[in-house]
Amino acid sequence: MTLTRTRTAAHPSQLDRRMVRAGSPLLVALVCAMVLGGCEPAPDPEVVRAEQAAAAERKAEAMAQQFDEQFAAENWDLAKAHGDVLLAEYPDSRAAERIKAQHEQAAEKARAIREARRTAALWAYQTQPVGKKQQLSAAIYARENVETDGKVARPVRLIFRDHPEWGRSSYLVLEAGDFDCYRGCKLKVSADDVTRTMAGSRPDTDEAIAMFIEDEKTLWKLAKQAGVLSIEFPVKAGGKRTASFEVGGLDPERMPGWN
């Protein structure tokens, strides 16, 4: 019979004691790190908050500088945009407080510019050859459709025309129904709520459903000065209708003979 000698694995605690006796560099380093880490003091919450606040102020001030640059350049849309971001992300910062008044100015100017662009786009200008000369016109649709035939509301146009042979004229054009003004009529014209009476006439023609506003010079002057121009007129369907036009974006230079 052959006897086999079996080795028994060392218990972990025995290994630990051996590593300590052997002065294991790894164990020494591990123990030192644990000791040193446990000895470091915890961060002071007040100091942490102060550092975070200072960092936020720096970021807010950087945004404020971008706002300042666009405000100084009178780029009102961009100035407003930079201010919007600053006030949204750092509303309690010193930088936000500093730009607040100017941001309101930039926002108002940006709004006015957008409104001017919108009302200017409502006008359509045309140049058409008439013989060797040209006909100029400026036209705008009423801001809301108007029912003029007893059925459905449809667009109404106001047109100023400078014809080389027929001269200057102003008139309304309908898409349905008709004006009750073949023998002449009185129109109520309001410019920003100031109302006056003007004469109208419907020419006997089938080319268009048009009615002239006889005092075209006064109407043009009102269109240049007003924000909203409203004209009340009689229709064959019965009664009177009113068409209102946002005329504030008129560019008088496009119709030089009228000025």
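Residues numbered from 1 in each chain as written. Predicted model: local features only at pLDDT ≥ 70, side-chain atom pairs only at ≥ 80, totals over all residues. Heavy atoms only, no water.

*Asks:* Go over the sheet that holds strand 11 (residues 240-246), please, and point to the residues and values.
*Replies:* Taking strand neighbours across the sheet as the criterion, the nine strands line up as 1-2-5-6-9-8-7-10-11 in an open arrangement whose pairing is antiparallel. Lying at the two open borders of the sheet, with one neighbouring strand each, are strand 1 (123-130) and strand 11. Strand-to-strand twist across the sheet, computed as the mean angle between neighbouring axes with direction ignored, equals 30°. Strands in contact with helix 6 (residues 216-225) are strand 5 (156-163), strand 6 (167-174), strand 7 (185-191), strand 8 (194-201), strand 9 (209-213) and strand 10 (228-234); relative to strand 5, the strand with the most contacts, it is inclined by about 115°. (Pairing = 2+ DSSP bridges. Helix = DSSP H or I, 4+ residues; strand = E, 2+ residues; numbered from the N terminus. Axes fitted to C-alpha atoms, helices over the stretch in contact; angles between N-to-C directions. Contact = heavy atoms within 4.5 Å.)

*Asks:* Which residues make up the layout of surface pockets, and what values do they have?
*Replies:* By volume, the largest pocket is sized at about 260 Å³. Every residue along the wall of the largest pocket is listed here: Arg157, Arg161, Trp166, Tyr171, Val173, Pro203, Thr205, Glu207, Ala208, Ala210 and Phe212. Put simply, the parts of the chain that give the lining of the largest pocket at least two residues each are strand 5, strand 6 and strand 9. The residue inventory of the lining of the largest pocket, partitioned by class, reads seven nonpolar, one polar and three charged. (1 Å grid on protein atoms, 1.4 Å probe; cavity = no way out; pocket = protein on both sides within 12 Å on 5 of 7 lines; lining within 4 Å. Points joined across faces, edges and corners; volume = space filled by probe spheres on them. Nonpolar A, V, L, I, M, F, W, Y, C, P; charged D, E, K, R; others polar.)

*Asks:* Can you explain the pairing of strand 8? Please cite residues and give values.
*Replies:* Pairing of strand 7 with strand 8 involves seven bridges; the strand directions are antiparallel. Bridging across to strand 8, Val189 finds its partner in Arg196. What sits between the antiparallel neighbours strand 7 and strand 8 is a turn of two residues, in which Asp192 has the positive phi angle 50°.

*Asks:* Talk me through unusual backbone geometry; I want residue IDs and the actual numbers.
*Replies:* With a phi angle near 50°, Asp192 is a residue other than glycine that sits in the positive phi range. Considering the arrangement of structural elements, one finds Asp192 in the loop between strand 7 and strand 8. Here the phi dihedral of Asp193 falls at roughly 75°; this positive angle occurs in a residue that is not glycine. On the secondary structure map, Asp193 appears in the loop between strand 7 and strand 8.

*Asks:* Can you explain the nonpolar core? Please cite residues and give values.
*Replies:* Core analysis: the largest hydrophobic core is formed by 35 residues, its most contacted members being Leu158, Phe160, Leu172, Leu229, Phe233 and Phe245. Taken together, the elements giving at least two residues each to this core come down to strand 2 (133-141), strand 5, strand 6, strand 7, strand 9, helix 6, strand 10 and strand 11. Setting aside anything within four residues of it in sequence, one finds Leu172 in contact with Arg157, Leu158, Phe179, Ile209, Ala210, Met211, Ile213, Ile231, Phe233 and Phe245. In this structure, Phe71, Tyr90, Ile99 and Ala110 belong to the second largest nonpolar core, which totals 14 residues. (Core = buried A, V, L, I, M, F, W, Y, C linked by side-chain atoms within 4.5 Å. Buried < 20%, exposed > 50% of the residue type's maximum accessible area, 1.4 Å probe, protein only.)

*Asks:* Can you tell me about the packing of helix 4 (residues 76-89) against helix 5 (residues 94-120), naming the residues and giving the values?
*Replies:* Where helix 4 meets helix 5, the axes come as close as 8 Å, and the angle between the chain directions of the two elements is 140°. One element, helix 4, and the other, helix 5, form an angle in the oblique class. As helix 4 packs across helix 5, the resulting crossing turns out to be left-handed. Of the residues in helix 5, those touching helix 4 at Trp76, Asp77, Ala79, Lys80, Gly83, Asp84, Leu86 and Leu87 are Ala95, Ala96, Ile99, His103, Ala106, Ala107, Lys109, Ala110, Ile113, Arg114 and Arg117. (Parallel < 35°, antiparallel > 145°, perpendicular 65-115°, else oblique. Left-handed = near helix turned anticlockwise from the far one by under 90°.)

*Asks:* Tell me what's going on with helix 4, and back it up with residues and numbers.
*Replies:* For helix 4, which comprises 14 residues, the first-to-last C-alpha distance of 20 Å matches the rise-based estimate of 20 Å (1.5 Å per residue) to within 8%. Among all positions of helix 4, only Trp76, Ala79, Gly83 and Leu86 are buried. Here the buried residues of helix 4 occupy an arc of 95° about the axis, which is enough to place them on one side. (Expected span 1.5 Å × (residues − 1). Arc of directions from axis to C-beta.)

*Asks:* I'd like to hear about the state of the cysteines, residue by residue, with values.
*Replies:* Here the structure, examined in full by the defined rule, presents one disulfide. A sulfur-sulfur separation of 1.9 Å characterises the disulfide bridge that pairs Cys181 with Cys185. Between Cys181 and Cys185 the sulfur-sulfur dihedral comes to about -90°; the bridge is accordingly left-handed. You'll find Cys181 and Cys185 in the same group, each marked buried. (Disulfide = S-S within 2.5 Å.)

All we've got here are geometric facts, nothing functional implied.
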